[in-house]
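One-letter residues, chain by chain:
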Amino acid sequence: QVQLVESGGGLVQPGGSLRLSCAASGSIFRINAMGWYRQAPGKQRDLVATVISGGITNYADSVKGRFTISRDNAKNTVYLQMNSLKPEDTAVYYCNADLVPSTSHFSQTYWGQGTQVTVSS
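Residues numbered from 1 in each chain as written. Predicted model: local features only at pLDDT ≥ 70, side-chain atom pairs only at ≥ 80, totals over all residues. Heavy atoms only, no water.

A.B. asks: Sorry, what's going on with the pattern of salt bridges here?
C.D. replies: Close approach of charged atoms allows side chains of opposite charge to pair. Per the stated rule, a full pass over the model turns up 3 salt bridges. The shortest N-O distance in the salt bridge between Asp 89 and Arg 38 comes to 2.9 Å. One end of the pair, Asp 89, is in the loop between β8 (77-82) and β9 (91-101); the other, Arg 38, is in strand β4 (residues 28-39), and 51 residues separate them in sequence. A single burial state applies to Asp 89 and to Arg 38, both of which are buried. Taking the shortest distance from any N to any O, the salt bridge between Lys 64 and Asp 61 comes out at 3.0 Å. Given the relative accessible area of 64%, Asp 61 is considered exposed. Several salt bridges converge on common partners, so that one network encompasses Arg 38, Arg 66 and Asp 89. (Salt bridge = Lys/Arg side-chain N within 4 Å of Asp/Glu carboxyl O. Helix = DSSP H or I, 4+ residues; strand = E, 2+ residues; numbered from the N terminus. Buried < 20%, exposed > 50% of the residue type's maximum accessible area, 1.4 Å probe, protein only.)

Following this line, the structure appears as structure tokens:
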């Protein structure tokens, strides 16, 4: 079965940096896109950044210029480099992948379990 496993979350002071990683494993035929979403308490889950197979990236306005998403296709891994972190970045960050399992003919969406990012002094 396909699984997404995140790592790299933690506590950091404002202005600091963190790097999140998410590795997709299992029987995967093709990954169309991978990305990161986040959800703060009492708020909806919002897009942070995505990258598609061709390398095109998309960022939420709130993180442009501070966050960088990248992808290692050979390792089925996506990264999120977060710089100049702000308290409002505090949330649970979820890895997302739109992919085609080896046992299927169409794409499906998978989510990681989430990793906590806390920005506080």
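A.B. asks: Would you mind showing me how to read the sheet that holds strand β7 (residues 67-72) here?
C.D. replies: Strands belonging to one sheet form pairs held by backbone hydrogen bonds; the direction of such a pair is parallel or antiparallel. Read across the open sheet, the 4 strands follow the order β1-β3-β8-β7; overall the sheet is antiparallel. Edge positions in the open sheet fall to β1 (3-7) and β7, since each of these has one partner strand only. Strand-to-strand twist of the sheet, defined as the mean angle between neighbouring strand axes without regard to direction, takes the value 15°. The sheet contact formed by β1 and strand β3 (residues 18-25) spans 5 bridges and is antiparallel. Bridge pairing links Gln 3 to Ser 25 in β3. (Pairing = 2+ DSSP bridges. Axes fitted to C-alpha atoms, helices over the stretch in contact; angles between N-to-C directions.)

A.B. asks: Just to check I follow, could you spell out the nonpolar core for this structure?
C.D. replies: A general trend in soluble globular proteins is that nonpolar side chains are found buried together. If you look at the biggest cluster of nonpolar residues, it comprises 32 residues, and the most contacted ones within it are Trp 36, Leu 80, Met 82 and Tyr 93. Elements that contribute at least two residues to this core include exactly β3, β4, β5 (46-52), β7, β8, β9 and β11 (115-119). Top contributing element to this core by residue count: β9, with 5 residues. In this structure, Met 82 is in contact with Gly 16, Ser 17, Leu 18, Leu 20, Arg 66, Phe 67, Tyr 93 and Val 117, ignoring residues within four places of it in sequence. (Core = buried A, V, L, I, M, F, W, Y, C linked by side-chain atoms within 4.5 Å. Contact = heavy atoms within 4.5 Å.)

A.B. asks: What should I look at first to understand unusual backbone geometry in this one?
C.D. replies: Glycine aside, residues mostly have negative phi, and peptide bonds are mostly found in the trans state. Residue Asn 76 is not a glycine yet carries a positive backbone phi of 50°. For Asn 76, a relative accessible area of 24% translates into the label partly exposed. Within the chain, Ser 84 stands out as a residue other than glycine whose phi angle is a positive 50°. Along the chain, Ser 84 falls in the loop between β8 and β9. You can call Ser 84 partly exposed: its relative accessible area is 42%.

A.B. asks: When you look at the packing of aromatic side chains in this model, what are you seeing that I'm missing?
C.D. replies: Think of a pair of aromatic rings as described by two things: how far the centres are apart, and how the planes are tilted against each other in angle. Scanning all chains against the criterion turns up 1 aromatic pair. With centroids separated by 5.0 Å and ring planes inclined at 70°, the aromatic side chains of Tyr 37 and Trp 111 adopt a geometry described as edge-to-face. Remark: Trp 111 occurs in strand β10 (residues 108-111) and Tyr 37 occurs in strand β4; sequence separation between them is 74 residues. For Trp 111, a relative accessible area of 37% gives the class partly exposed. Positioned above the aromatic ring of Tyr 79 is the side chain of Arg 19, whose terminal nitrogen or guanidinium carbon lies 4.1 Å from the ring centre. The ring of Trp 111 is capped by Arg 45, whose NZ or CZ atom sits 4.7 Å from the centre of that ring. (Phe/Tyr/Trp six-rings, centres within 6.5 Å; stacked < 30°, edge-to-face > 60°. Lys NZ or Arg CZ within 6 Å of the ring centre and 35° of its normal.)

These figures capture arrangement, not role.
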